[in-house]
Structure formats: C-alpha cells, structure tokens
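Read off the chains here:
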Amino acid sequence: MTPYYDEDGITIYHGDCREVLPTLGRFDLMLTDPPYGLGKKMQGGTWGREERYGDMWRWDVAPETELLLSMVSRVENAIVWGG
C-alpha cells in the first residue's frame, strides 16, 4: 500500500479501510468516515432523483458492526464518523 503522505514520522493512507488496515501493524490513529447506509432510505423526494444523483446511492451501504470493532481494536485511537 502506497502512502498518500509520508514525512517526519507521519504517514497518511487514503483508501478503503478494509483494504489498507490488513497491510498495517498496530498504529496510532484511524480517522474514518465510512458510508452511513442512508442510500436506500433517501431514495424518495429530490434526494433520489436519478437525473440528479444517478447511481451514487448504491455505494452507501453501512459497514457491519463487527468490521468496525475489528478495525478499532487495531489502533491506539480512533475517530469514526457515522450516521
């Protein structure tokens, strides 16, 4: 995995945690904003109009709780945004 930024002891990866984390050992901070799982709930009204948003809602599937817990267990500190 190639870091997005790596200088002075600071390494930043930009990517899917499910792909990045298995390549790392224990580390200091995980900052992540996983999908909220609102895509299918928000299909009505102006949110879901295909001419406006197309298929963009299809990626918005909330991760399993077990996956998030396993990711957090590998780090010293975690910041996880979620809906």
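The structure displayed is predicted, hence computed values, not measured ones.

Thresholds applied
- Residues numbered from 1 in each chain as written.
- Predicted model: local features only at pLDDT ≥ 70, side-chain atom pairs only at ≥ 80, totals over all residues.
- Heavy atoms only, no water.
- Helix = DSSP H or I, 4+ residues; strand = E, 2+ residues; numbered from the N terminus.
- Buried < 20%, exposed > 50% of the residue type's maximum accessible area, 1.4 Å probe, protein only.
- Contact = heavy atoms within 4.5 Å.
- Areas by Shrake-Rupley, 256 points an atom, 1.4 Å probe, with all protein chains shown as cover.
- 1 Å grid on protein atoms, 1.4 Å probe; cavity = no way out; pocket = protein on both sides within 12 Å on 5 of 7 lines; lining within 4 Å.
- Points joined across faces, edges and corners; volume = space filled by probe spheres on them.
- Nonpolar A, V, L, I, M, F, W, Y, C, P; charged D, E, K, R; others polar.
- pLDDT = per-residue confidence, 0-100.

## A short note on the overall build of the chain
Across its full length, the chain carries three helices and four strands. The helix and strand sequence of the chain, counted from the amino end, reads β-β-α-β-α-α-β. Looking at the 83 residues of the chain, the share that counts as buried comes to 14%. For the chain, restricting intrachain contacts to residue pairs at least 6 apart in sequence, the fraction spanning at least 24 positions comes to 59%. For the chain, the exposed surface amounts to about 6,600 Å²; the carbon and sulfur share of it is 53%.

## Things to note about the layout of surface pockets
If you add up the space inside the largest pocket, you get close to 800 Å³. Lining the largest pocket are 29 residues, and of these Tyr 13, Cys 17, Met 30, Leu 31 and Thr 32 sit closest to its centre. The leading source of residues in the lining of the largest pocket is strand S3 (residues 27-32), at six residues. Broken down by class, the residue content of the lining of the largest pocket amounts to 20 nonpolar, five polar and four charged.

## Section: unusual backbone geometry
The backbone of Asp 8 sits at a positive phi, close to 50 degrees, despite the residue not being glycine. Structurally, Asp 8 can be placed in the loop between strand S1 (5-7) and strand S2 (10-12). Using a relative accessible area of 71% as the deciding quantity, one classes Asp 8 as exposed.

## What to know about the confidence of the model for the chain
When pLDDT is averaged across the chain, the result is 80; 76% of the residues are at 70 or more. When mean pLDDT is taken per element in the chain, S1 scores highest with 96 and helix H2 (residues 50-53) scores lowest with 58.

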